Amino acid sequence: MAYDKFNTLKSSIVPLPIENVDTDQIIPARFLKATERKGFGDNLFRDWRYNPDNTPKKDFVLNQDKYAGKILVGGKNFGSGSSREHAAWAVYDYGFRCVVSSFFADIFRNNCLNVGVLPVQVSAEFLEKIYAETEKDPKAQVEISLPEQTITIVGTGEKESFDINAYKKDNMLNGFDDIDYLLNIKEEITAFAENTPL
């Protein structure tokens with residue numbers, strides 16, 4: 001499934017300074033029955049967002065009007081726990097295009113890259129600077145450049161680089177998933193097959 005191309009993203013952030021956020025907290029297991037990638041955003045952080053009677057919990061960050069944006073900033077070890085790809089689907093479907101943390105669980109990181117969510121791993125010190133800037137101004141912005149592989153706190157100009165697999169980077173720049181990538185080089189594959197003896 002193709003997704004939005006990712007080049008440069010400048011946005012205010014949604015801060016979630018909680019460590020060890022696991023995939024069951026991101027999308028509870030009872031919502032995993034659907035096989036399409038649509039609709040999971042409604043249940044992102046469901047048990048943290050809503051009371052048992054489905055009324056919003058006013059103190060949770062996604063229910064606070066002062067915070068909005070396409071960048072979610074989580075605590076250390078974000079996306080731990082089970083390997084469910086639905087967690088990445090929920091993050092994307094809600095509207096986030098980037099998750100920032102000082103450490104990601106490997107499977108969650110890869111699932112994000114497969115659906116068009118950019119996981120940006122920064123140092124613990126830089127993460128705290130982002131939180132501090134947002135504490136001063138909930139509308140503070142962060143700019144992420146995928147081509148340059150940098151993340152910048154707009155208000156202070158402080159910048160840090162991040163790593164990303166070259167193949168996944170190219171896919172995100174083009175809005176490709178793995179199947180789209182293969183379709184894009186279909187002619188090269190066909191030519192290789194035709195010129196390769198059995």
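Keep in mind that what you see is a predicted model, and the values were worked out from it rather than measured.

Would you mind going over the nonpolar core with me for this structure?
Side chains of a nonpolar character, in soluble globular proteins, are inclined to be buried together. Judged by nonpolar contacts, the single largest core of 52 residues is most densely connected at F45, F78, V100, L118 and I144. The biggest single contributor to this core is helix 3 (residues 86-94), with 6 residues. Leaving out residues up to four positions away in the same chain, L118 has contacts with F6, R97, C98, V99, L113, I144, L146, F162, I164 and M172.

When you look at the packing of aromatic side chains in this model, what are you seeing that I'm missing?
Aromatic ring pairs are reported here in terms of the distance separating the ring centres and the angle at which the planes meet. Scanning the entire structure with this criterion turns up 8 aromatic pairs. Pairwise contacts between aromatic rings join F45, W48 and F60 into one cluster.

What's the story with helix 5 (residues 124-136) in this structure? I'm lost.
In an α-helix, one turn spans 3.6 residues; hence positions three or four apart end up facing the same way. When the terminal C-alpha atoms of helix 5 are compared, their 19 Å separation across 13 residues agrees well with the 18 Å that a helix rising 1.5 Å per residue should span. If you check which residues of helix 5 are buried, you get F126, L127, I130, Y131, E133 and T134. End-on, the buried residues of helix 5 take up no more than an arc of 160 degrees, which puts them together on one face. Projecting away from the buried face of helix 5 at angles above 90 degrees are the exposed residues E125, E135 and K136. The inward-facing, buried residues of helix 5 abut strand 1 (8-16), strand 2 (71-74), strand 3 (98-101), strand 5 (141-145), strand 6 (150-153) and strand 7 (159-161).

Any chance you could explain the pairing of strand 3 here in plain terms?
The side chains of a regular strand alternate between both faces of the sheet. Side-chain alternation along strand 3 places C98 and V100 on one buried face and V99 and S101 on a second face that is also buried. Judged from the 3 bridges that link them, strand 2 and strand 3 form a sheet pairing that is parallel. Directly across from L72, in strand 3, lies its bridge partner V99. In the classification by handedness, the crossover that spans strand 2, the intervening helix 3 and the parallel strand 3 is right-handed.

Honestly, the sheet that holds strand 4 (residues 118-121) in this entry has me stumped. Any pointers?
Think of a sheet as strands paired side by side through backbone hydrogen bonds, with each pair either parallel or antiparallel. Read from one edge of the open sheet, 7 strands run 4-3-2-1-5-6-7, paired in mixed fashion. A strand with exactly one partner marks an edge of an open sheet, and here the two such strands are strand 4 and strand 7. Going across the sheet, the axis of each strand differs from the next one's by a mean of 30 degrees, ignoring polarity. Across 4 bridges, strand 5 lies against strand 6 in antiparallel orientation. Each bridged residue has a counterpart across the sheet, and for E143 the counterpart in strand 6 is T152. Along the sheet face, helix 5 touches strand 1, strand 2, strand 3, strand 5, strand 6 and strand 7 and points at about 35 degrees away from the line of strand 6.

Quick question: what am I supposed to make of the side chain of T152 here?
Among the secondary structure elements, T152 is positioned in strand 6. Those residues in contact with T152 that lie beyond four places of it in its chain are Q141, V142, E143, G157, E158 and K159.

Whenever I open this one, the environment of K159 confuses me. Can you help?
One can find K159 in strand 7. Classification of K159 by relative accessible area gives exposed; the value is 55%. Considering only alpha carbons, one finds K159 and F126, 33 residues apart in sequence, at a separation of 8.4 Å. Every residue in contact with K159, bar those within four places of it in the chain, is listed here: F126, T150, I151 and T152.

Is there a simple way to explain the pattern of salt bridges in this structure?
Where charged atoms from two side chains of opposite charge come close, those side chains can pair. A full pass over the atoms with the stated rule returns 4 salt bridges. Taking the shortest distance from any N to any O, the salt bridge between R97 and D4 comes out at 3.7 Å. Here R97 is found in the loop between helix 3 and strand 3, whereas its partner D4 is found in the segment before strand 1, with 93 residues between them in sequence. Accessibility expressed as a relative area gives 45% for D4, which makes it partly exposed.

What am I meant to see in the pairing of strand 2 here?
The side-chain alternation of strand 2 yields two buried faces, one formed by I71 and V73 and the other by L72 and G74. Bridge count between strand 1 and strand 2: 4 bridges; the pairing is parallel. Residue pairing across strands places P15 opposite V73, the latter belonging to strand 2.

Thresholds applied
Residues numbered from 1 in each chain as written. Predicted model: local features only at pLDDT ≥ 70, side-chain atom pairs only at ≥ 80, totals over all residues. Heavy atoms only, no water. Core = buried A, V, L, I, M, F, W, Y, C linked by side-chain atoms within 4.5 Å. Buried < 20%, exposed > 50% of the residue type's maximum accessible area, 1.4 Å probe, protein only. Helix = DSSP H or I, 4+ residues; strand = E, 2+ residues; numbered from the N terminus. Contact = heavy atoms within 4.5 Å. Phe/Tyr/Trp six-rings, centres within 6.5 Å; stacked < 30°, edge-to-face > 60°. Expected span 1.5 Å × (residues − 1). Arc of directions from axis to C-beta. Pairing = 2+ DSSP bridges. Right-handed = clockwise from strand over helix to strand, strands pointing away. Axes fitted to C-alpha atoms, helices over the stretch in contact; angles between N-to-C directions. Salt bridge = Lys/Arg side-chain N within 4 Å of Asp/Glu carboxyl O.

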